[in-house]
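Structural description and commentary
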Protein chains: 2
Amino acid sequence: MSDPSGRSGGAIDRLTALLSKLPGLGKKSAGRILYHILEGDPSYAQLLAQELSLLHQAIRRCSLCGSFTETDPCPICADSDRDRSLICVVERPQDVRIIEDAREFRGIFHVLGGLIAPLDGVGPDKLRIGELLNRVRRDGARELILAFNPTIEGDTTALYLQKLLKDLDVEVSRLASGLPVGGDLEYADKLTLSRSFRHRTKF
Amino acid sequence: MSDPSGRSGGAIDRLTALLSKLPGLGKKSAGRILYHILEGDPSYAQLLAQELSLLHQAIRRCSLCGSFTETDPCPICADSDRDRSLICVVERPQDVRIIEDAREFRGIFHVLGGLIAPLDGVGPDKLRIGELLNRVRRDGARELILAFNPTIEGDTTALYLQKLLKDLDVEVSRLASGLPVGGDLEYADKLTLSRSFRHRTKF
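The structure displayed is predicted, hence computed values, not measured ones. (Residues numbered from 1 in each chain as written. Chains lettered and ligands numbered in written order. Predicted model: local features only at pLDDT ≥ 70, side-chain atom pairs only at ≥ 80, totals over all residues. Heavy atoms only, no water.)

1. So, the overall build of chain A
Looking only at helices and strands, chain A has eight helices and six strands in total. Listing each helix as α and each strand as β along chain A from the N terminus yields α-α-α-β-β-α-β-α-β-α-β-α-β-α. Over its C-alpha atoms, taken along the principal directions, chain A stretches across nearly 75 × 45 × 35 Å. By residue count, 43% of the 203 residues in chain A fall in the buried class. The contacts of chain A with a sequence gap of at least 6 include a subset with a gap of at least 24, amounting to 49%. Of the roughly 11,600 Å² that chain A leaves accessible, carbon and sulfur atoms contribute 54%. (Helix = DSSP H or I, 4+ residues; strand = E, 2+ residues; numbered from the N terminus. Buried < 20%, exposed > 50% of the residue type's maximum accessible area, 1.4 Å probe, protein only. Contact = heavy atoms within 4.5 Å. Areas by Shrake-Rupley, 256 points an atom, 1.4 Å probe, with all protein chains shown as cover.)

What follows is the structure, given as structure tokens:
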């Protein structure tokens, strides 16, 4: 029965190893979570296990926008109240949720599934760009809002799409980049500060 | 099919809510974890679900030390190479693992299951103190090392145990409290600095 490392091992080690693979969790935080579950109500662990085991069955990709959904088309694409002439193009499915939570945008979405990143081997062919062009042509979109992160990859992808869409009758815009609301000039990095000057708005 | 909030909802919402109950995870980090799982290999989610569903069946409390274990007694209590005259008293089962990872201690453990905290309604009667006294009397322990966090509750519990054990033939010690190795005087709080003076060690 004796374990040379003197640990209780087995199930605890396996679950800690699995949990520490999740983003933002190291070995210590995975351990804290595991002991929290162990000391808690067993029904919580059962419920979590059940939801996890059914997750990939329950969730698919929307055949129109490419975001995760339980119904196809997704509730947003199926919603007749949304403005179909306005498409917000995002990198990942979770960006749809982040933007929806802000309750600012009333158009529809298109998930690219990544950003152009030559160093990581991600070229335009790996992204859902053909589908985007089809949607623009078919649905007659009036404006595309590119809502990528203000990073090198985001800028590259935005530039690429802008050139590609030049000949189509569609306006292309990007989310404003500048100082975050409630932020402090002192803590803004130089690039952000420089952008907030270049894109300053008139009163 | 349309959802008034415009979200994909359902399974995603339920799992995000469950994950955000875990210690150290808020709504945002739970969301990041969920999308990581969704975009990853479904077999990972299945494996995680399986380990979670079996966790409480696989793990019980050791009838001797009170820590979590798959076998009873636990591998540490069952290990004939460990020094039974030296008992390290800890607050929680996870403390056993933290101390084992340091590979410094070769005695056995006793998990109190908490610390005395009158404001939270935790009196000595809620802790495994009777079991500790029994073990000291029965196994003839030579020394108890109280390895509680250096907090008010840890200090209170240590003082209480020290008084209780005064009449038994057992030495009681506490883990040293002072500057962390690699730390900087400048960043030490006043209490830690004051303790490191009081408990200074001679060359």
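So much for the structure itself; the text now carries on.
2. Section: the interface of chain A and chain B
Of the residues lining the interface, 60 residues belong to chain A; the matching set on chain B comes to 60 residues. It is Leu52(A), His56(A) and Arg97(A) in chain A that bury the most area against chain B; as a group they hold 12% of the surface buried on that side. Between Asp13(B) and Arg97(A) there is a salt bridge, with the nearest N and O atoms lying 2.6 Å from each other. The interface formed by chain A and chain B includes 14 residue pairs in polar contact (both at pLDDT 80 or more). Secondary structure elements with two or more residues in the side of chain A that touches chain B: α1 (11–19), α2 (27–39), α3 (42–58), β2 (68–69), α4 (75–78) and α5 (93–102) of chain A. Looking at the side of chain A that touches chain B element by element, the count peaks at 13 residues for α3(A). (Buried area = accessible area lost by both parts, 1.4 Å probe. Salt bridge = Lys/Arg side-chain N within 4 Å of Asp/Glu carboxyl O. Polar contact = N/O pair within 3.5 Å; in protein donor to acceptor, adjacent residues only side chain to side chain.)

3. Overview of the sheet that holds strand β6 (residues 171–174) of chain A
All names here are of chain A. Across the sheet, which stays open at both edges, the four strands sit in the order β4-β3-β5-β6 with parallel pairing between neighbours. Of all the strands in the sheet, just β4 (107–111) and β6 have a single pairing partner and so form its edges. Each neighbouring strand pair of the sheet contributes to a mean axis angle of 25°, computed without reference to strand direction. The pairing of strand β3 (residues 83–90) with β4 spans five bridges and is classified as parallel. Bridging across to β4, Ile87 finds its partner in Ile108. Sheet contacts for helix α7 (residues 152–164): β3, β5 (143–146) and β6; angle to β6, the most-contacted strand, approximately 170°. (Pairing = 2+ DSSP bridges. Axes fitted to C-alpha atoms, helices over the stretch in contact; angles between N-to-C directions.)

4. Regarding the domain arrangement of chain A
By domain assignment, chain A separates into domain 1 (7–58) and domain 2 (81–202). Its C-alpha centre places domain 1 of chain A at a distance of 35 Å from the equivalent point of domain 2 of chain A. (Domains from an automatic or database assignment.)

5. Details of the pattern of salt bridges
Residue and element names in this part refer to chain A. If you walk through the whole model with that rule in mind, you get 18 salt bridges over all chains. Two residues, Asp139 and Arg138, come together in a salt bridge whose shortest N-O distance is 3.2 Å. The structure contains a network of salt bridges with shared partners spanning Asp155, Arg174 and Arg195.

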